[in-house]
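# Examination of the molecular architecture
Here are the chains, one letter per residue:
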Amino acid sequence: KAGVTQTPRYLIKTRGQQVTLSCSPISGHRSVSWYQQTPGQGLQFLFEYFSETQRNKGNFPGRFSGRQFSNSRSEMNVSTLELGDSALYLCASSFNHEVNTEAFFGQGTRLTVV
Amino acid sequence: SQQGEEDPQALSIQEGENATMNCSYKTSINNLQWYRQNSGRGLVHLILIRSNEREKHSGRLRVTLDTSKKSSSLLITASRAADTASYFCATVGRGRRALTFGSGTRLQVQP
């Protein structure tokens, strides 16, 4: 069974631009979550989608948004990029919305904002 | 913000030795999970322990959970050079779904 696939793996953008990252969960998984990892703040939760609906949201500005499609694939978008948005963005998929369900992570997308 | 802290921040041991990492958290939890990350790549799920469990094993891994002290430990026995990585604990709080991560322990296993 294929794992969580994130595309692209690396991305360089200029301040002020916007970016869209993609995540394909493990087949059969319906929950997708996004996390940001930076050296300063560590791993922080962005949002979670289940059945095309955002179920939870972390403490990030409105420039960060996401969506989930009917096939459970998810995208996250960051508008008006800032230098501080440079990070590794990780997507995780889970089989369902239950709290005691394991989360499986992709390899991440490394975003550099210059 | 981080849920808690991991201790130590860095650990260097010889191959064959055991490695113990500790994690403390602040709020009531549904479960606690441990993950491994190699060189800024994706996180690999190691083990999940529920709040009503005290100990869990998986291969060379042993995880304990003490909810009264809000702490957990991960023991890797007979370590190998391939175990070199950062290890993170993550909690799922009561009434929540998101993982809240600790700051991680960098483990270096010398061959």
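Refer to the structure printed above.
Everything in this summary refers to the structure shown in the same document. The structure displayed is predicted, hence computed values, not measured ones.

## Remarks on the overall build of chain B
In terms of regular secondary structure, chain B is built from zero helices and eleven strands. Element order for chain B, N to C, with α for helix and β for strand: β-β-β-β-β-β-β-β-β-β-β. The C-alpha atoms of chain B give a radius of gyration of 13 Å, which matches the 13 Å a tight globule of 111 residues would have. C-alpha extents for chain B along the principal axes are approximately 45 × 25 × 20 Å. For chain B, the proportion of contacts with a sequence separation of at least 24, taken over those separated by at least 6, is 56%. Counting 15 positive and 9 negative side-chain charges, chain B places the centres of these two groups 9 Å from one another.

## Structural notes on the pattern of salt bridges
Under the defined criterion, the tally for this structure stands at seven salt bridges over all chains. In this structure, the salt-bridge partner of arginine 63 of chain A is aspartate 85 of chain A, at a minimum N-O distance of 2.8 Å. On the criterion of sequence distance, the pair formed by arginine 63 of chain A in the loop between strand E6 (53-57) and strand E7 (64-68) and aspartate 85 of chain A in the loop between strand E8 (74-78) and strand E9 (87-94) is long-range, its members being 22 residues apart. Both residues of the pair, arginine 63 of chain A and aspartate 85 of chain A, count as buried. Ionic pairing is found between arginine 60 of chain B and aspartate 83 of chain B, a salt bridge with its closest N-O pair at 2.9 Å. Placement of arginine 60 of chain B in the loop between strand E6 (55-58) and strand E7 (61-66) and of aspartate 83 of chain B in the loop between strand E8 (71-76) and strand E9 (85-93) is noted, with a sequence separation of 23 residues between them. With relative accessibility at 8%, the residue aspartate 83 of chain B sits in the buried group. It is possible to trace a salt-bridge network through shared partners that takes in Arg63, Glu82 and Asp85 of chain A.

What counts as what
- Residues numbered from 1 in each chain as written.
- Chains lettered and ligands numbered in written order.
- Predicted model: local features only at pLDDT ≥ 70, side-chain atom pairs only at ≥ 80, totals over all residues.
- Heavy atoms only, no water.
- Helix = DSSP H or I, 4+ residues; strand = E, 2+ residues; numbered from the N terminus.
- Rg over C-alpha atoms; globule rule 2.2 N^0.38 Å.
- Contact = heavy atoms within 4.5 Å.
- Lys, Arg positive; Asp, Glu negative; His and termini not counted.
- Charge placed at Lys NZ, Arg CZ, Asp CG, Glu CD.
- Salt bridge = Lys/Arg side-chain N within 4 Å of Asp/Glu carboxyl O.
- Buried < 20%, exposed > 50% of the residue type's maximum accessible area, 1.4 Å probe, protein only.

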